[in-house]
Amino acid sequence: MAVTGIGGLFFRCKDPKAQADWYLTHLGVGAPEGVWIWNQQAGPTVFSPFKADSDYFAADKAYMLNLRVDDLDGLLASLRAAGIAVITKPEWDATPEIGRFARIHDPEGNPIELWQPPTA
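Residues numbered from 1 in each chain as written. Predicted model: local features only at pLDDT ≥ 70, side-chain atom pairs only at ≥ 80, totals over all residues. Heavy atoms only, no water.

Novice: I'd like a rundown of the pattern of salt bridges, residues and numbers included.
Specialist: On inspection of all chains with the given rule, the structure shows three salt bridges. One salt bridge in this structure joins Asp-21 and Lys-17, with 2.8 Å as the shortest N-O distance. Taken together, the positions of Asp-21 and Lys-17, both in helix α1 (residues 16–27) and four residues apart, correspond to about one turn of that helix. A relative accessible area of 35% means that Asp-21 is categorised as partly exposed. By relative accessible area, which is 45% here, Lys-17 ends up partly exposed. Residue Asp-73 pairs with Arg-100 through a salt bridge whose shortest N-O separation is 2.8 Å. Of this pair, Asp-73 sits in helix α2 (residues 72–81) while Arg-100 sits in strand β2 (residues 100–105), placing them 27 residues apart in sequence. Judged by its relative accessible area of 30%, Arg-100 falls in the partly exposed class. (Salt bridge = Lys/Arg side-chain N within 4 Å of Asp/Glu carboxyl O. Helix = DSSP H or I, 4+ residues; strand = E, 2+ residues; numbered from the N terminus. Buried < 20%, exposed > 50% of the residue type's maximum accessible area, 1.4 Å probe, protein only.)

Novice: Explain the sheet that holds β2 residue by residue, including any values.
Specialist: Here we have three strands laid out as an open sheet, ordered β1-β3-β2, and mixed in their pairing. The sheet is open, and its two edges are formed by β1 (65–68) and β2, each paired on a single side. The sheet shows a mean angle of 25° between the axes of neighbouring strands, direction not considered. Of the strand pairs in this sheet, β2 and strand β3 (residues 111–116) are connected by six bridges, and their pairing is antiparallel. If you follow Arg-103 over to β3, its bridge partner there is Glu-113. Against the sheet, α1 touches β1, β2 and β3, its axis set at about 25° to β3. (Pairing = 2+ DSSP bridges. Axes fitted to C-alpha atoms, helices over the stretch in contact; angles between N-to-C directions. Contact = heavy atoms within 4.5 Å.)

This is the structure in structure tokens:
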């Protein structure tokens, strides 16, 4: 018997409906109101606890959501057009065998890392 994947991500927020709408509108994550299941594309998932004093993401946040994407440039253009601040750094893309990365924050300031894995 083994775990076969992540079954969900649950987090507290001030306005759950607004958060759900934002994720669905800008990232295509989640499902319309009243629908509980988001069927995802199969692929790699990284599960990695970090040290409490890590500087990989903001010290005042307990987690960072990492979302796998298939067209990072296209998504970033869409996010910027919607007025969402996008952070990129050359060092995040220094190892092409791992992929490319960018960061955004949801309306409540939670960090979201966007990851485009390398193409095979």
